[in-house]
Every structure is written in C-alpha cells, then in structure tokens.
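Here is how the chains run, residue by residue.
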Amino acid sequence: MIPASAQMRSKTSRLNPEGQVGNLGFLVNINPEGIFGRLRGGLKNPAGQDEFFFSPENGKNWKEQGDYVVREGEAGDGIYFIWEGEAEVLDTVHDGNRPEFQLKQYDFFGHGMALCAQHADVIALSKLTCLVLPHEHADLMQPISIWNADKTLETCSLVEHILHLEPLEVNLFRGITLPNAPKFGKALAAASKTVDSLKIVHSLHAYFLLVGDVDLPIIYYVHRVRDGSSFATRRVDAIQKGNVVFTLVASFQKEEHGFDHQEAAIPSVPNPEVLLSMEELRERRLTDPRLPRTYRNKVATTNFIPWPIEIRFCEPNSSTSQTKSSPSLRYWFRAKGKLSDDQALHRCVAAYTSDLIFLQVSLNPHRYKGLKTTSVSLDHSMWFHRPFRADDWVLFVILSPAAYNARGFVSGQMFNRKGELVVSLTQEGLLRKARTPGSTAVSK
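Residues numbered from 1 in each chain as written. Predicted model: local features only at pLDDT ≥ 70, side-chain atom pairs only at ≥ 80, totals over all residues. Heavy atoms only, no water.

If you check an unreviewed UniProt entry, the chain appears there as Cyclic nucleotide-binding domain-containing protein from Escallonia rubra.

As structure tokens, this is what we get:
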C-alpha cells in the first residue's frame, strides 16, 4: 500500500517553465522575483477572451498560520498554487500528524484530485495566499507541446517535432529514439523544460556510457542541481531498461550586460545559396564518372532518409568515405521549416545538429579502400556565446587536431551570417576498425 504522504507527494509539484503545466503559460513562466514572465504561445480563457481567467485578482485563497488549506478526505476546490507563504503536509494515517514535507512559493498540489479525496492534511505554516484553479479547468495542466502550446505536430518544423517530449511526472520525460539520430539534443530539451524561462543554456557536457536501443524510447530524468538568481544547473540521466545510457550536465544563465569581444574570425567560404544541398549532391554522385561504379551503385541502392537539417558543404568534391582527406570540414546548416521563437529551442537544434557530422572528421586522414569502422561518442561539450536562429544559415567549422589510442578528437565553431561566433564545441569519440559480424559491443 502506498503511504498517504507518498500519494500526496505524487500530486505535489513545483512550477517550472513548461512541461508539467502545459497551457498555463502565464503560470509556468513565473520567475523567482514573483512576477509574470513571458508568454509562450497564446492563452485563451474558457470563454475565449484574450485575458487571463485566472489571475492574482481572482481565484485567491487566503489562510492564516495554523489554518487548514485542505483536510484529509476532502476533495478541495481545485489545484492550489502557493503564491505567498509556506505550508506543510501532515501524514495523519501512519505517523499521527507528523510533518511530512513543506510546500513553498510556486509549489502546487491537488492536481488529479477532482474525483478523489486528499490523502493528507495541508496546513499553513505562515500567512498563506494560494491561487486556486477550479477542477473543471484542470485540463489546462496537460502539456500540448514542448515549446509552443498552440502548435500541432503537423504545423511545426520536423526537427522541432523530433525534439518533442512526453512529460511523465515532475522532472521525468519520455522521447522516441531514431536510428543514427543524435540523442542529447532531447536531453537538453528536457533540462530546458525545468528551468526559469529567463535562463537560457550557456554550456553543456554530455558523457555517453552505453550503446542505446533504437527500438525503445528513452526516459529522461532531470535532477535540479541548483537554482540561483542568475544561474541554474541541471543534470539529465537518459535511461533505457533501468540503465543510464548517457548523462548530460547543463548550466543556464539569465541575460545580463558584460564585457564583449571576439578574436575568432569567420573563414571565407561561399554563400549557402550558391552551394548544393545534400539531396542535390546525392543526385550528382549517382552519375559522376569520376566515382567508382561500385560506389555509385551503393549510393543508388541505399535507403536515403533526409535529415530534418539542411546541410550545404562549402567544398563539395568527389571524395568518398574511403578516400583520405584533410581532418577538417566546413558546412552551412539550418533547420528545415520555421522554428518557434524560443531561444531554448534554437540551442537544442544546434545541439542536435552538432552530432550529425562532427566526430567522423577525425577519420578523414585514415580512410582507404575497404576500410570499415565503428565510431561511438564518448563525450560532447558545447558553449553558447550569443543568441542565434537555427532556422537561418549557420556556418559549422570543424577541425580534428589529434587522434590517438582509438580515440578521435574534434573541435568546432559555429558562426552566424554576420560573422559572430555563436557556439564553440568539442567532441571525443571511440574510433575502431569494425569487428567481425556477431561481435557487437554493448558498452565501451
């Protein structure tokens, strides 16, 4: 039997900038200073008016210290959001009025209790102000989209669709896995859903521990390591079959004025408009007489699945995956379709894109005819310097300065079209000659 306190805890959550409370955009974006934050997507009240039907001026519930907010066995008036003050939950069944845990500002409770009674007493520890969302409007707590509450999966960009996550519980999300697709972009998305909307990721470090199963979804468990006035830290464990397959640590910061300089310069490369897309390059390779017939036949018979990211190489050539070349690469990329305006989304898209063609550059000087390799990322780090749009062209400049002991290392820079350095990144991965069939590795 589940203790009353545990049942109550499962119905108690902390307000966060998306995920757990879906359409309540004006509530989920409350910042630590206690004011309404930015609206993400539109919000209509049940009557269709362009105003909040639920605000500090109505739906309030005031209690003095020692008053019961709700009693065990009562259904309550709705979902209670603590606006000011603190309360405590008492386990009266198992421990006889023993304080079980405290509820603080921006916590809420009573979600899912419309048809059943409260499992514990909730008592005001101080003068308490609660906002009450009536049970008949509890459907507004259901998330519709990770980024934009009024977008459907049919109208959003494909990569935005891929980054959608299903909230399972507070700090717990589920995402589908796609073959040969980067995974940690979704881990960053999960972390971003639990941070104040005024804080945006400025750095991340991902460590890959086990080879995942593409036939199973990944569970993303977010640990709220720290919430400060300017910075927040999150750790995300990606779980399959009870095992952590990779973990990500990300730091978020509020925007503030400070020193500004840039030594890195964008290289001179052709504009993306004059370059061929990957789909156009593929069509040319099918008929390029400079390429071996066996290679052209392989390209023609391989199932081609376009990526949700448009990529245009700055120096397209007739090299193949078995042709030795310089350990460097430069290409323009952008998301296909229009993305929502949320800067958090654009940084998740950049994280997703950074793992499509990155580590492979470290293999370039070692390629030869007949070479078959396996590569697995070990760790991946990114630093976000400036805001940018991932649905506008971004130049990705990649260099592999070293490879040794079956490990390849690459570093990269991302520039916007104005020449501003927007992202710096590194990756190290395991590079091995392919093993004989039947000897697949489960871990590193």
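From this point on, the discussion continues.
Q: Got a minute to help me understand the overall build of the chain in this structure?
A: Tallying secondary structure elements over the chain gives seven helices and 21 strands in all. In the chain, which comprises 444 residues, the share counted as buried stands at 48%. For the chain, the share of sequence-separated contacts (at least 6 apart) that also reach a separation of at least 24 residues comes to 73%. With an accessible surface of roughly 22000 Å², the chain has 52% of that area assigned to carbon and sulfur atoms. (Helix = DSSP H or I, 4+ residues; strand = E, 2+ residues; numbered from the N terminus. Buried < 20%, exposed > 50% of the residue type's maximum accessible area, 1.4 Å probe, protein only. Contact = heavy atoms within 4.5 Å. Areas by Shrake-Rupley, 256 points an atom, 1.4 Å probe, with all protein chains shown as cover.)

Q: I would appreciate a short explanation of a nonpolar patch on the surface in the present structure.
A: A cluster of nonpolar residues, Tyr 207, Leu 209 and Val 244, forms a patch on the protein surface that exposes about 240 Å² of accessible area. Its place among the elements puts Tyr 207 in strand E12 (residues 199-208). On the basis of relative accessibility, which here comes to 41%, the residue Tyr 207 falls in the partly exposed class. (Patch = residues over 30% accessible without salt bridge, like charges linked within 9 Å, V, L, I, M, F, W, Y side chains within 5 Å. Salt bridge = Lys/Arg side-chain N within 4 Å of Asp/Glu carboxyl O.)

Q: Looking at this structure, how should I read unusual backbone geometry?
A: In terms of backbone geometry, most residues other than glycine have negative phi values and most peptide bonds are trans. Although it is not a glycine, Asn 171 sits at a positive phi angle of roughly 70 degrees. As for its placement among the helices and strands, Asn 171 is situated in the loop between strand E10 (166-169) and strand E11 (172-175). Its identity is not glycine, yet Lys 241 carries a phi of approximately 50 degrees, on the positive side. You can call Lys 241 exposed: its relative accessible area is 66%.

Q: What is the right way to look at the sheet that holds strand E20 (residues 407-416) in this model?
A: Sheets are built from strands that pair by backbone hydrogen bonding, the pairs being arranged parallel or antiparallel. Taken in spatial order, the twelve strands of this open sheet run E10-E11-E13-E14-E15-E12-E18-E21-E20-E19-E17-E16, and their pairing is antiparallel. Looking at the sheet topology across the chains shown, the edges are occupied by E10 and strand E16 (309-313). Recorded for the sheet is a direction-independent mean angle of 25 degrees between the axes of neighbouring strands. Relative to strand E21 (residues 421-433), strand E18 (residues 373-384) runs antiparallel, the two sharing eleven bridges. Counterpart to His 380 in the pairing with E21 is Gln 427. (Pairing = 2+ DSSP bridges. Axes fitted to C-alpha atoms, helices over the stretch in contact; angles between N-to-C directions.)

Q: Could you clarify how one ought to interpret the pattern of salt bridges in this entry?
A: Note on pairing: side chains with opposite charge can pair once their charged atoms come close. The full count for this structure, using the stated rule, is 14 salt bridges. Where Glu 166 meets Arg 174, a salt bridge forms, and the shortest distance between an N and an O atom there is 3.0 Å. What makes Arg 174 partly exposed here is its relative accessible area of 32%. Glu 310 is the partner of Arg 312 in a salt bridge, and the nearest nitrogen-oxygen pair spans 2.7 Å. Here Arg 312 falls in the buried class, since its relative accessible area comes to 14%.

Q: How do you make sense of the pairing of strand E4 (residues 78-84) when you look at a structure like this?
A: Each regular strand shows side chains that alternate between the opposite faces of the sheet. Most of E4 sits out of view: six of its seven residues are buried. Two strands pair when backbone bridges link them, and E4 and strand E7 (residues 107-109) are joined in this way by two bridges, in the antiparallel orientation. Counted as the bridge partner of Phe 81 is Phe 108 from E7.

Q: I tried to follow the side chain of Asp 391 on my own but got confused; where do I start?
A: Turning to its location among the elements, Asp 391 is positioned in the loop between E18 and strand E19 (394-404). A relative accessible area of 14% means that Asp 391 is categorised as buried. A polar contact is formed between the side chain of Asp 391 and the backbone nitrogen of Leu 339, at a distance of 3.0 Å. Here the side chain of Asp 391 touches Arg 389 through a polar contact of 2.9 Å, side chain to side chain. (Polar contact = N/O pair within 3.5 Å; in protein donor to acceptor, adjacent residues only side chain to side chain.)

Q: What exactly am I supposed to notice about helix H7 (residues 343-354) here?
A: Residues spaced three or four apart along an α-helix point in a common direction, a consequence of the helix completing one turn every 3.6 residues. Over its twelve residues, H7 runs 17 Å from end to end, which matches the ideal 16 Å to within 8%, given 1.5 Å per residue. Taken across its twelve residues, H7 has twelve buried, putting it largely inside the fold. One side-chain oxygen at the N-terminal end of H7 lies 2.9 Å from the backbone nitrogen of Ala 344; it belongs to Asp 342. (Expected span 1.5 Å × (residues − 1).)

Q: When you look at the packing of helix H4 (residues 184-192) against H7 in this model, what are you seeing that I'm missing?
A: Helix-helix packing is described using two parameters, namely the angle between the two axes and the distance between the axes. The geometry of H4 relative to H7 is characterised by a closest axis approach of 8 Å and an angle of 160 degrees between their N-to-C directions. Regarding the angle of H4 to H7, the classification is roughly antiparallel. The interaxial crossing formed by H4 with H7 has right-handed handedness. Of the residues in H7, those touching H4 at Phe 184, Gly 185, Leu 188, Ala 189 and Ser 192 are Ala 344, Arg 347, Cys 348, Ala 351, Tyr 352 and Ser 354. Of the residues belonging to the contact of H4 with H7, the class tally is seven nonpolar, three polar and one charged. (Parallel < 35°, antiparallel > 145°, perpendicular 65-115°, else oblique. Left-handed = near helix turned anticlockwise from the far one by under 90°. Nonpolar A, V, L, I, M, F, W, Y, C, P; charged D, E, K, R; others polar.)

Q: Could you clarify how one ought to interpret H4 in this entry?
A: Summarising burial for H4: nine of the nine residues are buried, a large majority. Within the span of H4, buried status applies to Phe 184, Gly 185, Lys 186, Ala 187, Leu 188, Ala 189, Ala 190, Ala 191 and Ser 192.

Q: What's the story with the confidence of the model for the chain in this structure? I'm lost.
A: Detailed reading of the predicted coordinates is not advisable wherever pLDDT falls low. Summing up the model confidence of the chain, the mean pLDDT is 77 and the portion of residues at 70 or higher is 70%. Across residues 1-58, confidence stays below pLDDT 50; counting only partners more than four residues off in sequence or on other chains, it has 154 contacts. (pLDDT = per-residue confidence, 0-100.)

Q: I tried to follow the packing of aromatic side chains on my own but got confused; where do I start?
A: Two aromatic rings, taken as a pair, are described by how far apart their centres are and by the angle between their planes. For the coordinates displayed, the defined rule picks out six aromatic pairs. Plain terms: the ring middles of Phe 208 and Phe 246 are 5.4 Å apart, the flat faces sit at 35 degrees to each other, and that makes the pair tilted. Here the residue Phe 208 occupies a position in strand E12, and Phe 246 occupies one in strand E15 (residues 243-254), the gap between them amounting to 38 residues. On the basis of relative accessible area, Phe 208 is assigned to the buried category, the value being 14%. Phe 246 sits in the buried class, given a relative accessible area of 3%. A ring pair is formed by Tyr 331 and Phe 396, whose centres lie 5.4 Å apart and whose planes are at 70 degrees; its orientation type is edge-to-face. Highlighted residues: Tyr 331 in strand E17 (residues 328-335) and Phe 396 in strand E19, separated in sequence by 65 residues. As far as the burial class goes, Tyr 331 and Phe 396 line up, both buried. An aromatic cluster is built from Phe 184, Phe 208, Tyr 220 and Phe 246, whose rings are joined through pairwise contacts. In this structure, Arg 71 packs its charged tip against the face of Tyr 68, placed 3.7 Å from the ring centre. Residue placement shows Arg 417 over the ring face of Trp 332; its charged tip is 5.8 Å from the ring centre. (Phe/Tyr/Trp six-rings, centres within 6.5 Å; stacked < 30°, edge-to-face > 60°. Lys NZ or Arg CZ within 6 Å of the ring centre and 35° of its normal.)

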